[in-house]
Amino acid sequence: MLEVSGLTMVFGGLKAVDDLRFSASEGNITAVIGPNGAGKTTVFNCITGFYKPTSGSIALTHADGTRHHLQRMPGHKIAAIAKVARTFQNVRLFAGMTVLENLLIAQHNTLMSATGFGVLAVLGLSGYKRAEARAIEKARFWLDAIGLTERADDPAGALPYGAQRRLEIARAMCIDPVLLCLDEPAAGLNPRESQELNQLLLRIRQGGCSILLIEHDMGVVMRISDHIVVLDRGKKIADGTPADIRADPAVIAAYLGDGEEEDAA
């Protein structure tokens with residue numbers, strides 16, 4: 001469903017991503033891994049519209065055959081029309097809002113369109129109440145999915161860190177994405193929280209949403225990924241199943257160093 005072809009991103013004299021090519025299949029969890037500075041977040045920023053790539057193409061194909069060329073679209077349309085959602089390395093919740101309100105705010109555009117951005121409400125033709133009921137129903141579905149129904153009215157900032165991570169993912173799912181991009185979702189989680197995250201991501205995949213994730217926790221990556229792409233210094237050095245990646249000499253060298261060079265030194 002996602003085809004990245006010849007993706008290159010240059011900042012001044014630095015080539016952060018160099019002729020990257022990979023694909024992610026519909027309904028799969030695809031992980032992008034690599035050492036710090038490998039270009040992983042830059043790739044995500046290109047896919048989600050935060051950066052416009054120097055060259056190359058990023059094509060997303062929906063199940064109905066609709067094809068979107070993401071490198072040509074502004075970021076807000078990538079989310080609203082191409083249906084690509086994203087989370088970040090640092091949690092970005094509305095800490096002063098309740099847990100439920102964080103899930104409703106993600107549906108703001110849908111709620112506003114139900115009133116014709118206020119015009120239909122003035123004419124008494126608004127379907128806002130029905131849209132609001134659907135939005136609350138969707139929010140409560142995701143509250144149940146992340147185990148936070150009982151904390152719906154608590155401030156999001158009062159949640160434990162792991163729960164905030166899950167809430168951020170649930171908020172992204174409230175736009176009904178076809179592709180969910182997660183930037184280090186397991187960062188800072190303890191083993192129990194990582195397991196809860198794994199279960200949530202597998203449930204999301206089972207529901208038909210494809211997932212693209214950056215992650216340093218190899219336990220998470222190897223347990224839930226269908227496909228792994230490995231970057232080093234902006235270039236792809238490996239691409240395959242978890243078993244393929246685990247045994248790849250280039251990946252071992254990138255993460256652990258070359259033993260022969262160390263001996264020679």
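Here, every reference points to the structure presented above.
What counts and what doesn't
- Residues numbered from 1 in each chain as written.
- Predicted model: local features only at pLDDT ≥ 70, side-chain atom pairs only at ≥ 80, totals over all residues.
- Heavy atoms only, no water.
- Pairing = 2+ DSSP bridges.
- Helix = DSSP H or I, 4+ residues; strand = E, 2+ residues; numbered from the N terminus.
- Axes fitted to C-alpha atoms, helices over the stretch in contact; angles between N-to-C directions.
- Contact = heavy atoms within 4.5 Å.
- Core = buried A, V, L, I, M, F, W, Y, C linked by side-chain atoms within 4.5 Å.
- Buried < 20%, exposed > 50% of the residue type's maximum accessible area, 1.4 Å probe, protein only.
- Phe/Tyr/Trp six-rings, centres within 6.5 Å; stacked < 30°, edge-to-face > 60°.
- Lys NZ or Arg CZ within 6 Å of the ring centre and 35° of its normal.
- Parallel < 35°, antiparallel > 145°, perpendicular 65-115°, else oblique.
- Left-handed = near helix turned anticlockwise from the far one by under 90°.
- Nonpolar A, V, L, I, M, F, W, Y, C, P; charged D, E, K, R; others polar.

## Description of the sheet that holds strand β9 (residues 227–232)
Argument step 1. Read across the open sheet, the 6 strands follow the order β6-β7-β8-β3-β9-β10; overall the sheet is mixed. Strand pairing shows two members of the sheet lacking a second neighbour, β6 (84–86) and β10 (235–240), which therefore form its edges. Each strand axis lies, on average, 15° off the axis of its neighbour in the sheet, ignoring direction.
Argument step 2. In this structure, strand β7 (residues 179–183) lies alongside strand β8 (residues 210–214), joined through 5 bridges in parallel fashion. Bridged to Leu 182 within β8 is Leu 213.
Argument step 3. Across the face of the sheet, helix α7 (residues 161–173) comes into contact with β6 and β7 while running at roughly 155° to β7.

## Focus: the nonpolar core
Argument step 1. By size, the foremost hydrophobic cluster in this structure holds 43 residues, and its most contacted members are Trp 142, Leu 167, Leu 180 and Ile 204.
Argument step 2. A per-element tally of this core places α7 first, with 6 residues.

## Considering the sheet that holds strand β1 (residues 2–11)
Argument step 1. Ordered by their spatial adjacency, 4 strands build an open sheet running β2-β1-β4-β5, and the pairing between neighbours is antiparallel. The open sheet is flanked by β2 (14–24) and β5 (67–69), the only strands paired with a single partner. Averaged over neighbouring strand pairs, the angle between their axes works out to 20° when direction is ignored.
Argument step 2. Taken strand by strand, helix α1 (residues 40–47) contacts β1, β2 and β4 (55–61), and its axis lies near 115° from that of β1.

## Remarks on the environment of His 68
Argument step 1. Tracing the backbone shows His 68 in strand β5.
Argument step 2. According to the relative accessible area criterion, His 68 is buried, its value standing at 11%.
Argument step 3. Sequence separation between His 68 and Ala 82 is 14 residues, and the spatial gap between their C-alpha atoms is 6.3 Å.
Argument step 4. Among all residues touching His 68, those that are not within four sequence positions of it are Ile 58, Ala 59, Leu 60, His 62, Met 73, Ile 81 and Ala 82.

## Considerations on the packing of aromatic side chains
Argument step 1. Evaluated as defined, the whole model comprises 3 aromatic pairs.
Argument step 2. Consider the rings of Phe 11 and Tyr 51, whose centres lie 5.3 Å apart with planes at 75°: the pair is edge-to-face. Taken as a pair, Phe 11 in strand β1 and Tyr 51 in the loop between α1 and β4 lie far apart in primary sequence, 40 residues in all.
Argument step 3. Ring geometry for Phe 141 against Trp 142: centres 5.1 Å apart, planes inclined by 90°, an arrangement best described as edge-to-face.
Argument step 4. In this structure, Arg 86 is placed above the aromatic ring of Phe 50, and the distance from its NZ or CZ to the ring centre is 5.1 Å.

## Focus on the packing of α7 against helix α8 (residues 191–206)
Argument step 1. The interhelical angle for the contact between α7 and α8, taken along N-to-C directions, is 10°, at an axis separation of 10 Å. Relative to α8, the element α7 lies roughly parallel. For the element pair α7 and α8, the recorded crossing hand is right-handed. When α7 is examined against α8, the residues Gly 162, Arg 166, Ile 169 and Met 173 are found in contact with a partner set consisting of Glu 193, Glu 196, Leu 197, Leu 200, Leu 201 and Ile 204.
Argument step 2. For the contact of α7 with α8, the residue count by class is 6 nonpolar, 1 polar and 3 charged.

In short, shape yes, function no, at least from these values alone.
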